[in-house]
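Observations on chain architecture
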Amino acid sequence: MKSKPSKAQNALLALTSTAITLPGAQVLAEETGKSVEPRVIGVRFTNYQEANIDANKRNDPDLAERYDIAVTQVSLNWPLSDKWALNIDFIQDVMSGGSPWYVKPKGQIDLDTGEVTDETPVQVMTSPTLEDTRQDFSFKTTYFHDMGSLGARLGVSEEDDYTSVYGGVDFSFDFNEKQTTVSSGFSFAADRLSPTPEVTPSNRIKRENKGTFSMFAGVSQVINRVSVLQAAMSITQHNGYLSDPYKQVWVRGIPQVENRPTNKTQFVITAGYRYFFPDKNAAIHTNVRLYEDSWNMKSETFEVKWVQSLANNWQIIPSFRYYTQSQADFYAPYYLDVLEDDQNASSDYRLSPFGSISVGAQVIKKIGRWNFTGLVENYSSDKSLGIGSVQVGNPGLVDYLRFTLGFDIEFE
Amino acid sequence: MNCKWLVLPLLLGLFAVSTGCTQVKPWQRGYLARPEMKASLDEMSDAMSEHILFSKEGSSGGASAAGGGCGCN
């Protein structure tokens, strides 16, 4: 029981991340006449447990449990020659638990006057017995030439109620004696939703489609011997069934299926700066991101990481991330007035105004050809963390604690 | 869309100009090639971070690492 992000956008992100690389590192690799990346197999195990909703924010005292999610990732990065590389990724998510269903006022409604005795919003949860498994398989091939690279990715994500086929193409071009790298690309996704009957209301959809198309462009610039600046922008267009078939809205005492617009355009600008401190064997990474979409949602993100190398091939990476978003223009925690025909309405906490803070730390240890890593991250969200005043927070906002363990092995 | 979308590129341009963008020859890029300066030190874990946030927040996209997928609720 899920609402689905766009696979195309995820593919776009993956493409972008590889396209906007560090010019200096690429130059050094090319000058040695070897492939840009070593042959590596990586494995990661991630588990995160969403915190139960507070007793004063939920409708049923016995329904508080949220999702427990275990993710396995396997990645194969295999250069085929000095010019060609193949990357294969496999991801499996196993989810179990309960999910926010709809939000209602705590008090009773007087249908004659439309007034409620207590307007405090409380979350109605589904049964905590939901289970689902998703498997995602993708491959990417990259051609490296003297002036940059050209890559193409294709993937498929499959689960009981959702199938996505996605792909994309990206390129990068180095110039200015390889101090500047320009990259661009596009990605797409074709998704099919077929909601599970057991957990949906009688008026649910049976089958719907949606499509996504994204384009991005970015530049990475060597500033001096110790710093690099990069910036990128992207535009994404979604069309089709963009509602969550499992979410409902409470309308004047009656829960009904939510209804979102059938198209959305997203704009994103990001900027990143990395600076190396030679005397400390450390680097600082900072990133800023601005987002706006045609649902009138805006968000700002600030991230900072400190990458500290220590003796005996240890690295420790503390990180901090702050995020704030405004609400989608049709969002409300619940609706006291009857909706007009085709009126857009959603009470999804992800469309509500809030802010979040995540604090994490990662440790990496290299032993010969092996890299071992462990990561812990705490994420908390609340209306009080958002920029601007939020009068009514959504009770479904999530907190979670995440753990990741994994290893990489490099081959000759 | 409003003027703030122009602010960031302008600031970046001013920053690049103010810091000089000096010519850095390939043999002077040893620090830049250090592992600490990679855009992502652990692409798989970074992809998972994006993957998780994708399902918790209302906005997504941008130039950072991510994998495909959901993991939603």
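Residues numbered from 1 in each chain as written. Chains lettered and ligands numbered in written order. Predicted model: local features only at pLDDT ≥ 70, side-chain atom pairs only at ≥ 80, totals over all residues. Heavy atoms only, no water.

Observations regarding the confidence of the model for chain B
All names here are of chain B.
- On average, residues of chain B score 72 in pLDDT, and 53% of them reach the 70 mark or higher.
- Long-range and interchain partners of residues 62-71, a stretch whose pLDDT sits below 50, account for 57 contacts in this model, where long-range means more than four residues apart.
- Complex prediction metrics read pTM 0.88 and ipTM 0.87. (pLDDT = per-residue confidence, 0-100. Contact = heavy atoms within 4.5 Å.)

Points about the pairing of strand S17 (residues 282-293) of chain A
Residues and elements named next belong to chain A.
- The pairing of strand S16 (residues 263-277) with S17 spans twelve bridges and is antiparallel. Residue tyrosine 273 lies in a different strand from S17, and its bridge partner there is threonine 286.
- As defined by bridge partners, S17 adjoins strand S18 (residues 298-310) across eleven bridges and the pair is classed as antiparallel. Counterpart to alanine 283 in the pairing with S18 is valine 307.
- Linking S17 to S18, which pair antiparallel, is a turn of four residues; within it asparagine 296 sits at a positive phi near 70°. (Pairing = 2+ DSSP bridges. Helix = DSSP H or I, 4+ residues; strand = E, 2+ residues; numbered from the N terminus.)

Some points on the pairing of strand S1 (residues 39-50) of chain A
Residues and elements named next belong to chain A.
- Of the pairings in the sheet, the one linking S1 to strand S22 (residues 400-411) comprises twelve bridges and is antiparallel in character. The residue of S22 that forms the bridge with asparagine 47 is phenylalanine 403.
- Pairing of S1 with strand S2 (residues 68-79), which is carried by ten bridges, proceeds in the antiparallel orientation. Among the inter-strand pairings, threonine 46 is bridged to a residue of S2, identified as valine 71.

Some words on a negative patch on the surface
Residue and element names in this part refer to chain A.
- A grouping of Asp110, Asp112, Glu115 and Glu119 is seen on the molecular surface, where their side chains present a negatively charged patch.
- Structurally, glutamate 115 is set in strand S6 (residues 115-116).
- What makes glutamate 115 exposed here is its relative accessible area of 57%. (Patch = residues over 30% accessible without salt bridge, like charges linked within 9 Å, V, L, I, M, F, W, Y side chains within 5 Å. Areas by Shrake-Rupley, 256 points an atom, 1.4 Å probe, with all protein chains shown as cover. Salt bridge = Lys/Arg side-chain N within 4 Å of Asp/Glu carboxyl O. Lys, Arg positive; Asp, Glu negative; His and termini not counted. Charge placed at Lys NZ, Arg CZ, Asp CG, Glu CD. Buried < 20%, exposed > 50% of the residue type's maximum accessible area, 1.4 Å probe, protein only.)

Looking at the environment of A:Val219
Residue and element names in this part refer to chain A.
- Looking at the secondary structure, you find valine 219 in strand S12 (residues 208-224).
- Sequence separation of valine 219 and serine 183 is 36 residues, and the distance between their C-alpha atoms is 6.2 Å.
- Other than its neighbours up to four places away in sequence, valine 219 contacts Thr180, Thr181, Val182, Leu229, Gln230 and Ala231.

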